[in-house]
Amino acid sequence: MFYQKTLTGAKPYFIYLHHHNNYSSHRHLEIELNYCIKGSFDIEINNHTYTVSEGQFAIISSQVSHSYPPADDILMLTLEVGPAFLNEHFRFFLNKNFAPVYDLNPTEHESYEIKEIRRLLFETTDACQNPTAVSELIITGNMRKIFAYILKEYILDTQNLQTQTFDQQTMIAAEKALNLIYNYYSENITVDDAAALAGYCKSGFCRMFKKVTGYTFHRFLTEYRIENACYYLANSQYSLGEIASMVGFTDSQVLCRVFKAHTGITPGEYRKEATQNQ
């Protein structure tokens, strides 16, 4: 199973147009949306297979195992976004039991939100196919709207959404902690370090971080270390001991133990599968 590197930095999202599919089982922190523009494709989510046809989309929640059997002569738009893009709204998508497939094909009584999701996906596809100087700005704005309308249409009502947002001070504190992880995950950072940086006592920080991200600080840090280990396993010849040191584990034994607990396979098995799929 692949474990994909977390999306962060100046462009904390992934967008891609596919004309064919063939991806082995993998999972990642980000939420993934796959919109079928032409043809149809199958997607396996937690060992169940679903068909996504033209005008439909599927959403894969955070950390859910999924794969794509071979498919040709399709046009599919993939969007991936995580906490670095959705900020406090990311937590609304966590642990959500999404329906396998959602239909965006026009109907007589469809909602405004569904019409807008469809329009924005078409506009985003066009921006990918016909890039201009402002395409990235259009895509970024559209992606925020797409997930906002999905949140409103399929997950929350407006009143619930309004009462659960965070103030700016809380989000700044959470962002400081996330940046600590993103920039210093290879070092021996602790929840005490993050709490001090964010300006919280330890218990208050733990509550705040879990509410904003949906994860404990330790779990988020461990997941991020595993994701970076996956990157090095797939794209380098570093030894397990070297990778362990590079991503913040004390030695290769700890890396192997934690890696298997989180991914279900050993680092060696992951490296072998990643090499075969390159």
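Note: the structure precedes this text.
First, a word on scope: everything that follows refers to the structure included in this document. Owing to the predicted nature of the structure, the values given are computational and were not obtained by experimental measurement.

### Digging into the sheet that holds strand β2 (residues 13–18)
Ordered in space as β2-β9-β4-β7-β10, the 5 strands form an open sheet in which the pairing is antiparallel. Pairing within the sheet leaves two strands with one partner each, and these edge strands are β2 and β10 (102–103). Strand direction decides the pairing type here: strand β4 (residues 31–38) and strand β7 (residues 56–60), joined by 4 bridges, are antiparallel. By the bridge assignment, Asn-34 is partnered in β7 with Ala-58. Against the sheet, helix α3 (residues 112–129) makes contact with β2, β4 and β9 (75–81), and its axis sits at roughly 100° relative to β9, the strand it touches most. Against the sheet, helix α4 (residues 135–155) makes contact with β2, β4, β7, β9 and β10, and its axis sits at roughly 95° relative to β2, the strand it touches most.

### Looking at a nonpolar patch on the surface
A surface patch of nonpolar side chains, about 280 Å² in accessible area, is lined by Phe-14, Tyr-16 and Tyr-23. One can find Phe-14 in strand β2.

### Let's talk about α3
One turn of an α-helix holds 3.6 residues; hence residues three or four places apart share an orientation. In this model, α3 (18 residues) spans 26 Å end to end at C-alpha, consistent with the 26 Å of a helix rising 1.5 Å per residue. All buried positions along α3 are accounted for by Glu-113, Ile-114, Glu-116, Ile-117, Arg-118, Leu-120, Leu-121, Thr-124, Thr-125 and Ala-127.

### Quick notes on the pattern of salt bridges
Taken as a whole and assessed by the stated rule, the structure comprises 6 salt bridges. One salt bridge in this structure joins Asp-73 and Lys-38, with 3.3 Å as the shortest N-O distance. Of this pair, Asp-73 sits in the loop between β8 (66–71) and β9 while Lys-38 sits in strand β4, and the two are 35 residues apart along the sequence. Judged by relative accessible area, Asp-73 falls into the exposed class, the value being 57%. One salt bridge connects Lys-152 with Glu-113, and the closest N-O pair in it is separated by 3.3 Å. Of this pair, Lys-152 sits in helix α4 while Glu-113 sits in helix α3, and the two are 39 residues apart along the sequence.

### Observations concerning the layout of surface pockets
One number sums up the size of the second largest pocket: a volume of about 270 Å³. Asn-188, Ile-189, His-218, Leu-221 and Arg-225 are, among the 14 residues lining the second largest pocket, the residues nearest its centre. Elements represented by at least two residues in the lining of the second largest pocket include exactly α9 (217–235) and α11 (252–263). Its residues assigned to classes, the lining of the second largest pocket shows 7 nonpolar, 6 polar and 1 charged.

### Focus: helix α7 (residues 191–198)
Within α7, burial applies to Val-191, Ala-194, Ala-195 and Ala-198. One face of α7 carries all of its buried residues, which in axial projection span an arc of 100°. Following α7 by one or two positions, Gly-199 adopts a phi angle in the positive range, close to 85°.

### Remarks on the environment of Arg-144
On the secondary structure map, Arg-144 appears in helix α4. Take Arg-144: its relative accessible area is 41%, and that puts it in the partly exposed class. Expressed as a C-alpha distance, the spacing of Arg-144 and Val-81, which sit 63 residues apart in the sequence, is 9.4 Å.

### Focus: the environment of Thr-250
Within the secondary structure layout, Thr-250 lies in the loop between α10 (240–247) and α11. For Thr-250, a relative accessible area of 70% translates into the label exposed. Residues Thr-250 and Asn-188, spaced 62 residues apart in sequence, show a C-alpha to C-alpha distance of 9.0 Å.

Conventions adopted
Residues numbered from 1 in each chain as written. Predicted model: local features only at pLDDT ≥ 70, side-chain atom pairs only at ≥ 80, totals over all residues. Heavy atoms only, no water. Pairing = 2+ DSSP bridges. Helix = DSSP H or I, 4+ residues; strand = E, 2+ residues; numbered from the N terminus. Contact = heavy atoms within 4.5 Å. Axes fitted to C-alpha atoms, helices over the stretch in contact; angles between N-to-C directions. Patch = residues over 30% accessible without salt bridge, like charges linked within 9 Å, V, L, I, M, F, W, Y side chains within 5 Å. Areas by Shrake-Rupley, 256 points an atom, 1.4 Å probe, with all protein chains shown as cover. Salt bridge = Lys/Arg side-chain N within 4 Å of Asp/Glu carboxyl O. Expected span 1.5 Å × (residues − 1). Buried < 20%, exposed > 50% of the residue type's maximum accessible area, 1.4 Å probe, protein only. 1 Å grid on protein atoms, 1.4 Å probe; cavity = no way out; pocket = protein on both sides within 12 Å on 5 of 7 lines; lining within 4 Å. Points joined across faces, edges and corners; volume = space filled by probe spheres on them. Nonpolar A, V, L, I, M, F, W, Y, C, P; charged D, E, K, R; others polar. Arc of directions from axis to C-beta.

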